[in-house]
Amino acid sequence: MVEIDFLTGSDRAPWEAPARGKDAYFEVERGDDAYERTWRRLLDDDRTHGIAARLNGDLVGIAHYVFHAGVWHAGRCHLADLFVDADVRRRGGGREVGRSRQVRRTVGG
């Protein structure tokens, strides 16, 4: 079963592999400093968040999302990135990440 939780400081190395994998898939080039800045924001920013999908304790997917103001609602949630390792796709990881985002939006962050 895939488990979802927030990224923590100890997830830095396992997070970077899927973050770079997502960028490679979409043919996006970023320098090492961009990954470091993003990682700091995921841990320290009150609007930018990251969650991990874990299978048997291994990080197999990530999602990044941002809370922002909207015209009709104060607390909108935008899913910025979603990446699940190719070896474990179609096992519910992406679906669970999406559900988790919905829960976070419902409770306001």
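What comes next concerns the included structure. Keep in mind the model is a prediction, meaning the values are calculated, not measured. Residue numbers here run from 1 along each chain, matching the order of that chain's written sequence. It should be noted that, the model being predicted, local features are given only for residues of pLDDT at least 70 and side-chain atom pairs only at 80 or more, the latter also being counted only at that level, while totals for whole chains, interfaces and linings use all residues. Remark: hydrogens and water are excluded; side-chain values derive from all non-hydrogen atoms of the structure.

### Things to note about the overall build of the protein chain
1) Next: Working definition: helices are DSSP H or I runs of at least four residues, strands are E runs of at least two. Numbering for both runs from the N terminus. If you tally the helices and strands in the protein chain, you get 3 helices and 4 strands.
2) Next: Walking the protein chain from its N terminus toward its C terminus, one meets helices and strands in the order β-α-α-β-β-β-α.
3) Next: Here the term buried applies to any residue with accessible area under 20% of the maximum for its type, exposed to any over 50%, and partly exposed to those in between, with areas from a 1.4 Å probe on protein chains only. A buried classification covers 36% of the 109 residues belonging to the protein chain.
4) Next: Entry remark: accessible area of the protein chain is about 7000 Å², with carbon and sulfur atoms responsible for 49%. Note on areas: Shrake-Rupley, 1.4 Å probe, and residue coverage restricted to the protein chains presented here.

### Considering helix α2 (residues 32–44)
1) Next: Every helix has an expected span of 1.5 Å times one less than the residues it contains. Relative to the 18 Å expected for 13 residues at 1.5 Å per residue, α2 spans 18 Å between its end C-alpha atoms, a close match to the ideal helical length.
2) Next: Ala34, Tyr35, Trp39 and Leu42 are the residues of α2 that are buried. Burial along α2 is one-sided: seen end-on, the buried residues are contained in an arc of 135°.
3) Next: Contacts between residues were defined by any pair of non-hydrogen atoms, one from each residue, lying within 4.5 Å. Where α2 is buried, its residues touch α1 (12–25), β2 (48–55) and β3 (58–68). Note: the arc covers the axis-to-C-beta directions of the helix.

### Observations regarding the pairing of β2
1) Next: Burial analysis of β2 places 8 of its 8 residues in the buried class, which makes it a mostly covered element.
2) Next: In β2, alternate side chains face the same way, and those of Thr48, Gly50, Ala52 and Arg54 on one face and His49, Ile51, Ala53 and Leu55 on the other are all buried.
3) Next: For two strands to pair, DSSP has to find at least two bridges joining them. As paired elements, strand β1 (residues 2–6) and β2 share 5 bridges and run antiparallel to each other. When the sheet's bridge partners are listed, Ile4 is paired in β2 with Ala53.
4) Next: Bridge count for β2 against β3 is 8 bridges, and the pairing is antiparallel. In the sheet register, Gly50 faces β3, and the bridge partner there is His64.
5) Next: Where β2 hands over to β3, the hairpin turn is made up of 2 residues, of which Asn56 adopts a positive phi near 55°.

### Observations concerning the pattern of salt bridges
1) Next: In what follows, salt bridge is the name for a side-chain nitrogen of Lys or Arg lying within 4 Å of a carboxyl oxygen of Asp or Glu. This model, assessed by the stated rule, comprises 12 salt bridges.
2) Next: Across the salt bridge formed by Arg20 and Asp32, the nearest N and O atoms sit 2.5 Å from each other. Pair noted here: Arg20 is in helix α1 and Asp32 is in helix α2, with a separation of 12 residues, a long-range link.
3) Next: Given a relative accessible area of 56%, Asp32 falls into the exposed group.
4) Next: Note that Asp81 is salt-bridged to Lys22, the shortest N-O span being 3.4 Å. Here Asp81 is found in strand β4 (residues 76–84), whereas its partner Lys22 is found in helix α1, with 59 residues between them in sequence.

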